[in-house]
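Reading the structure
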Amino acid sequence: MMPRVLALAAAGLLCGAFACSSLAQEPGAADASAGGHGATSNRTFEDVQHWTAVFDDPNRDAWQKPAELVAALGLSAGATVADLGAGTGYLAPYLSRAVGPDGTVLLVDTEPTLIEHMRSRAEAEGLRNATPVLASANNPRIPRGSADLVLIVDTFHHINDRVTYARGLRETLRPGGRIAIIDWQKRELPVGPKGPHKLARAHIVTEMKQAGYEIVEEPDVLPYQYFLIFRPAPTPPVP
Ligand SMILES: C[S@@+](CC[C@H](N)C(=O)[O-])C[C@H]1O[C@@H](n2cnc3c(N)ncnc32)[C@H](O)[C@@H]1O
């Protein structure tokens, strides 16, 4: 029998983090998006070995710039950060270091196999402040009022009814809490998924505004993804 790694290579699936178009057409990855700028990707993520090869590909660091990305978040020691759609935990070591031993990293995902993988990974790598959280599609299961920052990397486009979802995220934030969204620029890129489910930056800003947020910062550190930081807009006074 062909070893799994060879089988993946033969199928053209081990060709670099996000860089292979066949990954975007992942078998079993029903992409229900019908096109249009509000489309949602319904790809599945249960195959840990496959997604580890993709998300943790060392070549990813060159453009994902995890250290610079996390530095730009401006996390304080002792903060609580929720990585929503944490995948295999690619950013977990960087986030863990940024918030330090008194901080908390919630590794939130809807995929039980990835949650189990991140639990093992956190233990193996000694990330004592990291806790995996099994979310449901419409509920991140982040404790109310706990998060100083909710970070959403390449995941917002997987969420259905994003405006309602983002509105609900407000309850998870501490006073002063922020939401950072990083996602693919809607143009031809040498890396990342192909297809119609990429969301334009302006579309995200509009949806977040509808959900009650205002943009406060836009760090310029990533070549292929926009990086938007929001905070809840002041609630208008009740007349
Ligand atoms: C493209 S991956 C990104 C993984 C990770 N953020 C990274 O950059 O390496 C999207 C992840 O979002 C998760 N996901 C999809 N829908 C979700 C939802 N509604 N809530 C939380 N996670 C979700 C998937 O299981 C998957 O792990």
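Computed from a predicted structure; not experimentally measured.

1. Details of the overall build of the protein
A count of helical and extended segments in the protein gives nine helices and seven strands. Here the protein holds 239 residues, and the buried ones make up 38% of them.

2. Considering the site of the ligand
As a structural note, the neighbourhood of the ligand is formed by 20 residues, with Phe 45, Gly 85, Gly 87, Val 153 and His 158 the closest of them. For the shell around the ligand, the per-class residue count stands at 12 nonpolar, five polar and three charged.

3. As for the environment of Leu 73
With respect to the helices and strands, Leu 73 occurs in the loop between α5 (66–72) and β1 (80–84). Sequence-wise, Leu 73 and Glu 217 are 144 residues apart; in three dimensions their C-alpha atoms are separated by 9.7 Å.

4. Section: the sheet that holds strand β5 (residues 173–184)
One open sheet holds the seven strands; their spatial order is β3-β2-β1-β4-β5-β7-β6, and the pairing between them is mixed. Looking at the sheet topology across the chains shown, the edges are occupied by β3 (130–134) and β6 (213–217). Put simply, the sheet's adjacent strands are angled 25° from each other on average, direction ignored. Pairing analysis gives six bridges linking β5 to strand β7 (residues 225–232), with the strands arranged antiparallel. Bridging from a neighbouring strand, Ile 179 pairs with Phe 230 of β7.

5. Structural notes on the environment of Ala 147
Mapping Ala 147 onto the fold places it in strand β4 (residues 147–153). Taking the C-alpha atoms as reference points, Ala 147 and Thr 80, separated by 67 residues in sequence, lie 5.1 Å from one another. Ignoring anything within four residues of it in the chain, the contact list for Ala 147 reads Thr 80, Val 81, Ala 82, Ile 142, Thr 172, Leu 173, Arg 174 and Gly 177.

6. Considering unusual backbone geometry
In this structure, Arg 141 is a non-glycine residue whose phi angle is positive, near 60°. Structurally, Arg 141 can be placed in the loop between β3 and β4. For Arg 141, a count of 13 C-beta atoms within 10 Å translates into the label partly exposed. A positive phi angle, close to 55°, is found at Asp 154, a residue other than glycine. Within the secondary structure layout, Asp 154 lies in the loop between β4 and α8 (162–169).

7. Some words on the nonpolar core
If you look at soluble globular proteins, the nonpolar side chains tend to sit buried side by side. Membership of the largest hydrophobic core comes to 53 residues, with the highest contact counts inside it found for Val 81 and Leu 151. Here this core gets six residues from one element, more than from any other, and that element is β4. The contacts of Val 81, once residues within four sequence positions are left out, are Leu 75, Leu 95, Val 99, Val 105, Ala 147, Asp 148, Leu 149 and Leu 151.

8. Quick notes on the environment of Leu 75
Here Leu 75 lies in the loop between α5 and β1. Leu 75 sits 23 residues away from Ala 98 along the chain, and the two C-alpha atoms are 6.3 Å apart. The residues contacting Leu 75, other than those within four sequence positions of it, are Val 81, Ala 98, Val 99 and Leu 149.

9. Overview of the pairing of strand β2 (residues 104–109)
The element β2 is largely enclosed, with a buried count of five among its six residues. Here β1 pairs with β2 via five bridges, running parallel. The partner of Val 81 across the bridge, within β2, is Val 105. A crossover links β1 with its parallel partner β2, the connecting element being helix α6 (residues 92–99), and its sense is right-handed. A crossover connection joins β2 to the parallel β3 through helix α7 (residues 112–124); in handedness this β-α-β unit is right-handed.

10. Things to note about α8
Within α8 the residues assigned to the buried category are Arg 162, Ala 166 and Leu 169. On an axial view of α8, the arc spanned by its buried residues comes to 50°, and they lie on one face.

11. Points about the confidence of the model for the protein
Of all residues in the protein, 80% have pLDDT values of 70 or greater, and the mean over the chain is 85. Confidence drops under a pLDDT of 50 for residues 1–38, and excluding neighbours within four residues, the segment shows 60 contacts in the predicted structure.

About the thresholds
Residues numbered from 1 in each chain as written. Predicted model: local features only at pLDDT ≥ 70, side-chain atom pairs only at ≥ 80, totals over all residues. Helix = DSSP H or I, 4+ residues; strand = E, 2+ residues; numbered from the N terminus. Buried ≥ 20, exposed ≤ 12 C-beta atoms within 10 Å, placed from the backbone. Near = placed C-beta within 6 Å. Nonpolar A, V, L, I, M, F, W, Y, C, P; charged D, E, K, R; others polar. Pairing = 2+ DSSP bridges. Axes fitted to C-alpha atoms, helices over the stretch in contact; angles between N-to-C directions. Contact = placed C-beta atoms within 7 Å. Core = buried A, V, L, I, M, F, W, Y, C linked by C-beta atoms within 7 Å. Right-handed = clockwise from strand over helix to strand, strands pointing away. Arc of directions from axis to C-beta. pLDDT = per-residue confidence, 0-100.

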